[in-house]
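Chain by chain, the residues:
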Amino acid sequence: MSTAERLQGVLVALAAGVGLLLGSVLPVGDAAGRVVLPLLLAMLVAVFLQLDAADLRDARRARGVLGASLVLNFVLTPALAWALGAGLLGGQPDLRIGLLLLLVTPCTDWYLVFTAMARGHGGIAAALLPVNLVLQLLLLPVYVLLLGGEAAMVDAGTLVEAVLVVLVVPLVLAMTVRLVAVRTRGAAWRERVVVGPASRVVLPLLCLAVLAMVASQARTVLDHGSAVLLLLLPLGIFLVLAPLAALAAARALRLPADQRVTLVMSTTARNSPIALAIAVAAFPDRPLIALALVLGPLVELPVLALLAQLVRAPQGSASR
């Protein structure tokens, strides 16, 4: 793992700080706001270029992990997100929606890094990725409209359109590039020239998007900083309960150590880049929703780094 990957939490925080400084001292708000969505879409294309549908065969060999992941990510977590939002953010509807968007979107990128750090099962982790992606694509509008209540206040068509633009278009583009590359130049060329560079630009694009997002809403951040900090409590509770629930499920299923690690990481890590892109597209006039999602990785990434050490599988414990 590269130095940049190890420091990604710090880099995202630094990008947010630079954006806040720029937006507060220079009139860059409008220009910065116009580049946020294009940057996020480019980042998602780079993420999706790394997907390999062949990894799904590993999921068939680990049905226990797959089943537990589906229940934890798409049943328990939405219920927990609703309860935390209703109980702790009842007076902040935009923060409730931001928290909901963050928590109901399981990670499709950096959890692979932390799974590798903790010696988890990389093949199963990769196999869970397209499953999580497809299900959040289908279920996210349902979660927001059913669990968001009056706070959601967005037309269902608008939300579905935002999800399609943010997820489907980059996914189709990326899969097309992968297919054309492998058919014209071969798999080895595709991995070297397409997939390798794509993996290296995800973090810079995310940092640039966060910088632009915060710069475009610097005044909102300064005016509502205390409200955004209210997210720390529900987010902290989730980041404690999610891995504990995954560990309990792993014990109940008697999963091998490396599969246990994979389940913990896929349950805890959230997809803040995709959630942020959807928030920007679906709620352009409600900046607190997007700002809530900027805070997510600043808390989540250090927690995942610590968790990778706490649940690390013993050397040579890979399951067969």
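See the structure above.
Just so it is clear, the model here is predicted, and its values are computed rather than measured.

Examining the overall build of the chain
Line of reasoning, step 1. Of the regular secondary structure elements, the chain holds 16 helices and 0 strands.
Line of reasoning, step 2. A burial count over the chain gives 52% of its 320 residues as buried.
Line of reasoning, step 3. Across the chain, the fraction of contacts at a sequence separation of at least 24, relative to all contacts at a separation of at least 6, is 86%.
Line of reasoning, step 4. On the chain, roughly 13800 Å² of surface is accessible, and the fraction owed to carbon and sulfur atoms is 67%.

Some details on the nonpolar core
Line of reasoning, step 1. Within the largest apolar cluster, 102 residues are counted, with the highest numbers of intra-cluster contacts made by Leu 101, Leu 263 and Met 265.
Line of reasoning, step 2. Those residues within four positions of Leu 263 in sequence are excluded, and the remaining contacts are Val 65, Ala 68, Ser 69, Leu 72, Ala 246, Ala 249, Ala 250 and Leu 255.

Digging into a nonpolar patch on the surface
Line of reasoning, step 1. Side chains of Leu 14, Val 18, Leu 21, Leu 22, Val 25 and Leu 26 sit close together on the surface and give an oily, nonpolar patch of about 520 Å² of accessible area.
Line of reasoning, step 2. Note that Val 25 resides in helix 2 (residues 8-25).

Thoughts on unusual backbone geometry
Line of reasoning, step 1. Residue Arg 119 is not a glycine yet carries a positive backbone phi of 60°.
Line of reasoning, step 2. Mapped onto the secondary structure, Arg 119 falls in the loop between helix 7 (111-117) and helix 8 (122-147).

Re helix 3 (residues 29-48)
Line of reasoning, step 1. Between its terminal C-alpha atoms helix 3 stretches 29 Å, which fits the 28 Å expected from 20 residues at 1.5 Å a residue.
Line of reasoning, step 2. At Val 36, helix 3 shows its strongest bend, of approximately 30°, with the proline Pro 38 following within four residues.
Line of reasoning, step 3. All buried positions along helix 3 are accounted for by Ala 32, Val 36, Leu 39, Leu 40, Met 43, Leu 44, Val 45, Ala 46, Val 47 and Phe 48.

Observations regarding helix 6 (residues 93-103)
Line of reasoning, step 1. The element helix 6 is extensively covered by neighbouring structure, given that 9 of its 11 residues are classed as buried.
Line of reasoning, step 2. Listing the buried residues of helix 6 in full gives Asp 94, Leu 95, Ile 97, Gly 98, Leu 99, Leu 100, Leu 101, Leu 102 and Leu 103.

Comments concerning the packing of helix 3 against helix 15 (residues 272-282)
Line of reasoning, step 1. At a closest axis distance of 10 Å, the pairing of helix 3 and helix 15 adopts a crossing angle of 145°. Read as a crossing pair, helix 3 and helix 15 show a hand that is left-handed. Touching Val 36, Leu 37, Leu 40, Met 43, Leu 44 and Phe 48 of helix 3 are Pro 273, Ile 274, Leu 276, Ala 277, Val 280 and Ala 281, all from helix 15.
Line of reasoning, step 2. Taken together, the residues of the contact of helix 3 with helix 15 sort by class into 12 nonpolar, no polar and no charged.

What about the side chain of Thr 267?
Line of reasoning, step 1. Tracing the backbone shows Thr 267 in helix 14 (residues 257-268).
Line of reasoning, step 2. Residue class for Thr 267 comes out buried when judged on its relative accessible area of 1%.
Line of reasoning, step 3. Polar contacts involving the side chain of Thr 267 include one to the main-chain carbonyl oxygen of Leu 263, which spans 2.7 Å.

Here's the deal with the packing of helix 13 (residues 232-253) against helix 16 (residues 287-310)
Line of reasoning, step 1. With their axes 11 Å apart at the nearest point, helix 13 and helix 16 run at an angle of 30° to one another. Judged on the interaxial angle alone, helix 16 and helix 13 are roughly parallel. Seen from above, helix 13 lies across helix 16 with right-handed handedness. When helix 13 is examined against helix 16, the residues Leu 232, Leu 235, Leu 239 and Pro 243 are found in contact with a partner set consisting of Leu 295, Gly 296, Val 299, Glu 300, Val 303 and Leu 307.
Line of reasoning, step 2. Split by residue class, the contact of helix 13 with helix 16 holds 8 nonpolar, 1 polar and 1 charged.

So, how was this worked out
Residues numbered from 1 in each chain as written. Predicted model: local features only at pLDDT ≥ 70, side-chain atom pairs only at ≥ 80, totals over all residues. Heavy atoms only, no water. Helix = DSSP H or I, 4+ residues; strand = E, 2+ residues; numbered from the N terminus. Buried < 20%, exposed > 50% of the residue type's maximum accessible area, 1.4 Å probe, protein only. Contact = heavy atoms within 4.5 Å. Areas by Shrake-Rupley, 256 points an atom, 1.4 Å probe, with all protein chains shown as cover. Core = buried A, V, L, I, M, F, W, Y, C linked by side-chain atoms within 4.5 Å. Patch = residues over 30% accessible without salt bridge, like charges linked within 9 Å, V, L, I, M, F, W, Y side chains within 5 Å. Salt bridge = Lys/Arg side-chain N within 4 Å of Asp/Glu carboxyl O. Expected span 1.5 Å × (residues − 1). Bend = angle between axes of the 7 residues up to and from the residue. Axes fitted to C-alpha atoms, helices over the stretch in contact; angles between N-to-C directions. Left-handed = near helix turned anticlockwise from the far one by under 90°. Nonpolar A, V, L, I, M, F, W, Y, C, P; charged D, E, K, R; others polar. Polar contact = N/O pair within 3.5 Å; in protein donor to acceptor, adjacent residues only side chain to side chain. Parallel < 35°, antiparallel > 145°, perpendicular 65-115°, else oblique.

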